[in-house]
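Overview (structure and organization)
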Amino acid sequence: MALAPLFAMAARNLGRHPRRTGLTVTAIAVGLAALIFLWGFSDGLHSNLVRNLQDTIVGSIDIHPKGFFQRPEITKGIVDPKHIENALEEAGVERWTRRLVGFALAAGPRHTSGMVLMGVEPETEGRVTTLGDKVTIGRFLQADDDYQCVIGAGSARSLGVGIGDTLVLMANDRFGTLATEEFTVVGIATGGELGIDSGMFITTVKALQEMLEIHGQVSNYTLRVPESRLEPVYSALREKLCVERFDVLRWYDMYPMIHEWIILSDGFHLVFLSVVLLIVLGGVLNTVLLSMLERTREFGILMALGVQRSQLALMVAVESLLIGIIGVVVGATLGIALVMVSARVGIDLSALVGETRGFYVDPIIRTRLDLQHLWITMLGMLLVSLLAALYPAWRATRLAPVEAIRHG
Amino acid sequence: MSDTIIEVKDVYKCFWVGDVPFPALNGVDVEVKRGQFMVLAGRSGSGKSTLLNVIGGLELADRGTVKVCGRDFNETPADERTRFRLRNIGFVFQAYNLIGVLNAMENVAFVCQLQGKENSECMDTAKHWLTEVGLGKLLDRRPHQLSGGQQQRVAVARALAMNPALVLADEPTANLDSSTGRELIELMTRLNEDFETTFLISSHDPAVLAAGSPVIHLEDGRLLSTDPNRPPPQPPQAACAIPQRNWGQRFGAWITGKS
């Protein structure tokens, strides 16, 4: 039996009470647009957080000797870097840099302080992080620097040094003997992230290798890949490198708290989505049920004319689904437009987050459209529209033609 | 092919108000031949509408046999009866009962489309029947833009557009003024003569009774008869079997305190 006339009638039925249909569609559209925007804001915030974390110092993936992340010992580094560089080339990684990381004491004219020691290769560091941009006084390190260093503004204050002053660095060399060397401060970094401001001593890999007599050794390979390539590159590297000798860690393996916070935040959005969907379910159910009850007599007539109960139920479901589709189309258009505009313009939260400025997240949030989240939200709305039709449709199947015709 | 379109034998149908039975049909026998224009006369409450509903398969008789075009409705499941109606029985209701969101042409074409015919064919059919009933110039009018008489003509066109073996009309003139009612009856008799469609019409309108051939009379759920040997009607308690209630109905009765 043909369904087309019933579908056409279902579409016309939406126009019987345009105000009621309009209000229901508006409720769905506004709810959906708000959900898309909120999730877009949240995704933008997460992106910002992850990008800042990676940009500042962490990168996307870090390769170091087994157990180094838990117990960094600068003299127990990677002795055959070529092996790793071949693996990087095979995995198609172009943006990478090498580092030497450990601990040392730095003595200034006023004070002596324990510091995180980080040797970098200035010519490649900029391809992976924006560490150089954090220098607010003086300059960042250059390839031909010898015993120059960059320290955080907090460290400079406590050690009592400024640009052009010297610091004495003390660390154990590969024989366990205390090695000392003088370094000239060429840059002071400010940013507030990851303790750069206080406690970090940045110099060149070359200077540290010389000072600690670990020629040719580095402790870390820090990589930068797009987020979409993170997992494939990670898998490829783990396959190519001996996991007994090396740790290959993604940014979230090193900083799981941030990753878990993002998962938790997405979970919160799912809960929020469920609450909104429940409200929408109530609204659509109310509209469809009212519409169905008002037309009980007409349903009786249709049955007398030869429309099956199952077809009536289908017609009710189609009406509900049509309301959902219109609401979703309008809401998605509105929501996507809001996200796009906010992504371009940015939402400035400076007034709200002034105190925590520089803590991983920029105060200007640019929303981001995550297609998976968009689909989940849209499909949720459509599903709810269909669910809302179940009870009215079931009631339609229970109607007896004669009683329905006598109704109203 | 048999000439008998409707065969109703010893049919009982009861309605219950609480525990009090009301036999709407109390042993009715009716036979309608192909091409007849039969009128079912009787006062309100005599059982005319119930008999039409039972013949149309909208509800089942409690007892007895109802056959339409040889199909025994007591042996036919609800969905199959609906399909059968779609192919064989046209309805004209007292209150017109057109679909409000469809215009005259769409209302008539609707049943044809439900039968699975091509849309263009249905539109042609609808146009043909609306022209037949004199509404060829009002095809695009919605029901609320038509008078009562015009709406009833659309309903007649809708009943005929499905090419039925039988048209059941339940007091079709009741909501019309006498002149419009007469016009409608003339239309229906003409269609009966021209297309040999069988009509069974319930009414107590004298104009309709005058047009009927034959006219049968219902009273208290029984056909009036001059046959002296005919048994008397059964008393309500005998005519109506106590209905079986499911647990939900029993629970509802217990909650509401109504037995």
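In this text, all values refer to a predicted model and were calculated from it rather than measured experimentally.

1. So, the packing of helix H9 (residues 256-294) of chain A against helix H13 (residues 371-397) of chain A
- Orientation of H9 of chain A relative to H13 of chain A, taken along the N-to-C sense of each, is 30 degrees, at an axis distance of 8 Å. Pair H9 of chain A / H13 of chain A crosses with right-handed handedness.

2. Quick look at empty space enclosed by the protein
Residue and element names in this part refer to chain A.
- Across all of its chains, the model carries 2 cavities of 30 Å³ or more by this definition.
- One number sums up the size of the largest cavity: a volume of about 110 Å³.
- Lining the largest cavity are 14 residues; nearest its centre among them are Asn 13, Thr 21, Thr 287, Ser 291 and Glu 319.
- Of all elements in the fold, only helix H2 (18-58), H9 and helix H11 (309-345) reach the threshold of two or more residues within the lining of the largest cavity.
- For the lining of the largest cavity, the element with the most residues is H9, which contributes 4 residues.
- Partitioning the lining of the largest cavity into residue classes produces 3 nonpolar, 6 polar and 5 charged.
- In this model, the second largest cavity occupies a volume close to 50 Å³.
- Along the walls of the second largest cavity sit Ile 36, Trp 39, Gly 40, Asp 43, Arg 368, Leu 369, Asp 370, His 373, Leu 374 and Thr 377, which together make up its complete lining.
- Listed by contribution, the elements that provide at least two residues to the lining of the second largest cavity are H2 and H13.

3. Some details on the sheet that holds strand E2 (residues 20-33) of chain B
All names here are of chain B.
- Read across the sheet, 4 strands follow the order E2-E1-E4-E5 without closing on themselves; strand pairing throughout is antiparallel. Pairing within the sheet leaves two strands with one partner each, and these edge strands are E2 and strand E5 (71-72).
- Bridge count for strand E1 (residues 4-17) against E2 is 11 bridges, and the pairing is antiparallel. In the sheet register, Val 17 faces E2, and the bridge partner there is Val 20.
- Sheet contacts for helix H1 (residues 48-55): E1, E2 and strand E4 (63-68); angle to E2, the most-contacted strand, approximately 60 degrees.

4. Topic: the state of the cysteines
Residues and elements named next belong to chain B.
- The full count for this structure, using the stated rule, is 1 disulfide over all chains.
- We note that Cys 69 lacks a disulfide partner, and the nearest cysteine sulfur, in Cys 112, lies 19 Å from it.
- Looking at Cys 69, the relative accessible area reads 33%, which means it is partly exposed.

5. Some thoughts on the interface of chain A and chain B
- Taken together, the contact pairs 23 residues of chain A with 27 residues of chain B.
- Approximately 2200 Å² of surface area, both sides summed, lies buried where chain A meets chain B, with 65% of it carried by carbon and sulfur atoms.
- Among the residues of chain A in contact with chain B, Arg 12, Leu 305 and Gln 308 of chain A are the three that bury the most area, contributing 29% of the side total.
- At the junction of chain A and chain B, the tally comes to 1 salt bridge.
- For the salt bridge of Glu 106 of chain B with Arg 12 of chain A, the shortest nitrogen-to-oxygen distance reads 2.5 Å.
- The interface formed by chain A and chain B contains 6 residue pairs in polar contact (both at pLDDT 80 or more).
- For the side of chain A that touches chain B, the secondary structure elements donating two or more residues are helix H1 (4-13), helix H10 (296-305) and helix H14 (401-406) of chain A.

6. Some words on the sheet that holds strand E7 (residues 166-170) of chain B
Residue and element names in this part refer to chain B.
- Judged by pairing direction, the sheet is mixed, and its 6 strands sit side by side in the order E6-E7-E8-E3-E9-E10 without closing on themselves. Each of the sheet's edge strands pairs with one partner strand only, and the pair in question is strand E6 (89-92) and strand E10 (222-223).
- Packing of H1 onto the sheet brings it into contact with strand E3 (37-41), E6, E7, strand E8 (198-203) and strand E9 (215-219), and relative to E7 it is tilted by some 150 degrees.
- Contacting E6 and E7, helix H2 (residues 78-88) runs over the sheet at an angle of about 80 degrees to E6.

7. Considerations on the side chain of Arg 85 of chain B
- Along the polypeptide, Arg 85 of chain B turns up in helix H2.
- We note that Arg 85 of chain B is buried and unpaired, the nearest opposite charge coming from Asp 79 of chain B at a distance of 8.1 Å.
- Each residue touching Arg 85 of chain B, except ones within four places of it in the same chain, is listed here: Met 303 and Ala 304 of chain A together with Gly 56, Gly 57, Leu 58, Phe 91 and Met 162 of chain B.

8. Points about helix H4 (residues 119-132) of chain B
All names here are of chain B.
- Between the first and last C-alpha of H4 there are 20 Å, a value that for 14 residues agrees with the 20 Å anticipated at 1.5 Å per step.
- Cys 122, Thr 125, Ala 126, Trp 129 and Leu 130 are the residues of H4 that are buried. Each buried residue of H4 lies within a common arc of 125 degrees when the element is viewed along its axis, so the set occupies one face. Exposed residues lying more than 90 degrees from the buried face of H4 are Ser 120 and Asp 124.
- Next to the buried residues of H4 lie helix H3 (104-114), helix H5 (148-161) and helix H6 (178-195).
- Note on H4: the residue one or two positions beyond its end, Gly 134, has a positive phi of about 85 degrees.

9. Side note on the pairing of E6 of chain B
Residue and element names in this part refer to chain B.
- Alternating residues of E6 divide into Ile 89 and Phe 91 and Gly 90 and Val 92, and every residue in both groups is buried.
- Of the pairings in the sheet, the one linking E6 to E7 comprises 4 bridges and is parallel in character. By the bridge assignment, Gly 90 is partnered in E7 with Val 167.

10. Topic: the pattern of salt bridges
- This structure, assessed with the given rule, holds 24 salt bridges over all chains.
- Note that Glu 183 of chain B is salt-bridged to Arg 153 of chain B, the shortest N-O span being 3.2 Å. Pair noted here: Glu 183 of chain B is in helix H6 and Arg 153 of chain B is in helix H5, with a separation of 30 residues, a long-range link.
- Classification of Arg 153 of chain B as buried rests on a relative accessible area of 17%.
- Linked through salt bridges whose partners overlap, the residues forming this network are Glu 85, Arg 98 and Glu 121 of chain A.

11. Observations concerning the nonpolar core
- Of all hydrophobic cores here, the largest spans 71 residues; its most connected members are Ile 63, Ile 151, Leu 169, Phe 201, Met 211, Leu 237 and Trp 251 of chain A.
- It is strand E7 (residues 178-189) of chain A that provides the largest number of residues to this core, a total of 6 residues.
- Residues lining this core come from more than one domain, with at least three contributed by each of domain 1 (3-54 + 258-406) and domain 2 (61-224) of chain A.
- Non-local contacts of Phe 201 of chain A, meaning those with residues more than four positions away in its chain, are made with Ala 106, Met 115, Val 116, Leu 117, Met 118, Cys 149, Val 150, Ile 151, Leu 167, Leu 169 and Phe 183 of chain A.
- Grouped together as the second largest cluster of nonpolar side chains are 44 residues, Leu 6, Ala 313 and Met 378 of chain A together with Val 101 of chain B included.

Thresholds applied
- Residues numbered from 1 in each chain as written.
- Chains lettered and ligands numbered in written order.
- Predicted model: local features only at pLDDT ≥ 70, side-chain atom pairs only at ≥ 80, totals over all residues.
- Heavy atoms only, no water.
- Axes fitted to C-alpha atoms, helices over the stretch in contact; angles between N-to-C directions.
- Helix = DSSP H or I, 4+ residues; strand = E, 2+ residues; numbered from the N terminus.
- Left-handed = near helix turned anticlockwise from the far one by under 90°.
- 1 Å grid on protein atoms, 1.4 Å probe; cavity = no way out; pocket = protein on both sides within 12 Å on 5 of 7 lines; lining within 4 Å.
- Points joined across faces, edges and corners; volume = space filled by probe spheres on them.
- Nonpolar A, V, L, I, M, F, W, Y, C, P; charged D, E, K, R; others polar.
- Pairing = 2+ DSSP bridges.
- Contact = heavy atoms within 4.5 Å.
- Disulfide = S-S within 2.5 Å.
- Buried < 20%, exposed > 50% of the residue type's maximum accessible area, 1.4 Å probe, protein only.
- Buried area = accessible area lost by both parts, 1.4 Å probe.
- Salt bridge = Lys/Arg side-chain N within 4 Å of Asp/Glu carboxyl O.
- Polar contact = N/O pair within 3.5 Å; in protein donor to acceptor, adjacent residues only side chain to side chain.
- Lys, Arg positive; Asp, Glu negative; His and termini not counted.
- Expected span 1.5 Å × (residues − 1).
- Arc of directions from axis to C-beta.
- Core = buried A, V, L, I, M, F, W, Y, C linked by side-chain atoms within 4.5 Å.
- Domains from an automatic or database assignment.

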